[in-house]
Amino acid sequence: MATTQIIAEPGMPQIVITREFDAPRALLFRAYTDPGLLVQWLGPRRLTMSVDHFDVRDGGTWRYIHRGADGTEAAFHGVFHGTPSLDGGIVQTFEFEGAPGHVSLETVTFEEHAGGTLVRTNDVFQSVEDRDAMLQSGMQEGINESMERLDELLARLAPVS
Amino acid sequence: MAVEAVEADDQLSVVFGALADPTRRALLTRLTQGDATVAELAAPFKVSQPAISRHLKVLEQAGLISRHRRATARLSHLEAEPLREVTEWLARYQAYWDESYERLDVLLAALQDDHDEHPG
């Protein structure tokens, strides 16, 4: 199964997320830019996503909300810079309304790769602290983790020959 | 969802700094198999024992290893707790994208089936 790779280097205000999909890139682009499709996949299943507005054009704004079963809400908004396109990707600002003023710049690209599509998301934050706060939050409240994660980490820390 | 400064940030920075070096990561991997002396740890590397000692000092300062004596040997011991904190730190963010993208896989498959059944 495809794995999501997240690279967050120490001391750098940046996160790079890459993932391969077994689908043509035009379809990926649709899933990212059609709000009716976006709500069907972005975020964990236990949260309901609703799109307040989603104006896919240069200077167009977007806003969406994740709602939990307990009524908690997390809203996000941003602005598209340049009209999103298959070849140019999506460039947008991103701001969590619970932490106003902490804005990141996100670039999503869709590359043909091994018969499928490689989606690369590059998030640049205003500071390392902002980046770390986003990673720390995990965008969601707690998920139980176990020592298995330690095993996985150590497995990834490949020995040098 | 809480986006706020976390007290442990400084410790995390130190741990990440220690993990940023491939030799130090390899030393940690070796220590998962059991405690070892500097000579044992240095054996697989082309670098000198003093260089390995310096790496061990960085790992010790980050709390990733402890060192104790057994007879005349000084042994390094892996301390798992800081590593666990680091992995939890990223785990929730990773889980968000893992689950989102798994949902996207399902959606893409459905869209492709739909297109196959109703071409054009």
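Quick one: what's the story with the overall build of chain B, residue by residue and with numbers?
Helix and strand counts for chain B come out as 5 helices and 3 strands. Starting at the N terminus and ending at the C terminus, chain B contains elements arranged as α-α-β-α-α-β-β-α. Buried positions account for 28% of the 120 residues belonging to chain B. In chain B, of all internal contacts separated by at least 6 residues, the share reaching a separation of at least 24 is 51%.

Outline unusual backbone geometry, supporting the account with residue identities and numerical values.
Residue and element names in this part refer to chain A. One non-glycine residue with positive phi stands out, namely Ala114, at about 50°. Topologically, Ala114 is positioned in the loop between strand S7 (103–113) and strand S8 (116–124). Take Ala114: there are 8 C-beta atoms within 10 Å of it, and that puts it in the exposed class.

Can you break down helix H2 (residues 22–31) of chain B residue by residue, with the values?
All of the buried residues in H2 of chain B are Arg24, Arg25, Leu27, Leu28 and Leu31 of chain B. End-on view of H2 of chain B: buried residues confined to an arc of 155°, all on one side of the axis.

Go over the sheet that holds strand S3 (residues 48–54) of chain A with me, naming the residues and quoting the values.
Residues and elements named next belong to chain A. Taking strand neighbours across the sheet as the criterion, the 8 strands line up as S1-S2-S8-S7-S6-S5-S4-S3 in an open arrangement whose pairing is antiparallel. What marks the edges here is a single partner per strand, and that holds for strand S1 (5–7) and S3. On average, adjacent strands in this sheet sit at an angle of 20° to one another, irrespective of strand direction. With 8 bridges joining them, strand S2 (residues 14–21) and S8 adopt antiparallel strand pairing. Among the inter-strand pairings, Ile15 is bridged to a residue of S8, identified as Asp123. Across the sheet, helix H1 (residues 25–33) touches S2, strand S6 (90–96), S7 and S8, and the angle it forms with S7 is around 155°.

Can you tell me about the pairing of strand S3 (residues 73–78) of chain B, naming the residues and giving the values?
Residues and elements named next belong to chain B. Where strand S1 (residues 36–37) meets S3, 2 bridges bridge the pair, whose relative direction is antiparallel. For Ala36, the partnering residue across the bridge sits in S3 and is Ser76. Two strands pair when backbone bridges link them, and strand S2 (residues 65–70) and S3 are joined in this way by 6 bridges, in the antiparallel orientation. Paired with Ile65 across the strands is Leu78, a residue of S3. Between S2 and S3, which pair antiparallel in sequence order, lie 2 residues; one of them, Ala71, sits at a positive phi of approximately 55°.

Can you break down the nonpolar core residue by residue, with the values?
In this structure, Leu28, Ala31 and Tyr32 of chain A together with Leu108 of chain B are the most contacted members of the largest nonpolar core, which totals 26 residues. Counting only elements with at least two residues in this core, the list comes to S2, H1 and helix H3 (128–137) of chain A together with helix H5 (80–117) of chain B. Broken down by element, the residue count for this core peaks at 6 residues, all from H5 of chain B. Apart from the residues within four sequence positions on either side, Leu108 of chain B is in contact with Phe21, Ala23, Leu27 and Ala31 of chain A. In this structure, Leu28, Ile52, Ile65 and Leu83 of chain B belong to the second largest nonpolar core, which totals 18 residues.

Here is what the cut-offs are and how they apply
Residues numbered from 1 in each chain as written. Chains lettered and ligands numbered in written order. Predicted model: local features only at pLDDT ≥ 70, side-chain atom pairs only at ≥ 80, totals over all residues. Helix = DSSP H or I, 4+ residues; strand = E, 2+ residues; numbered from the N terminus. Buried ≥ 20, exposed ≤ 12 C-beta atoms within 10 Å, placed from the backbone. Contact = placed C-beta atoms within 7 Å. Arc of directions from axis to C-beta. Pairing = 2+ DSSP bridges. Axes fitted to C-alpha atoms, helices over the stretch in contact; angles between N-to-C directions. Core = buried A, V, L, I, M, F, W, Y, C linked by C-beta atoms within 7 Å.

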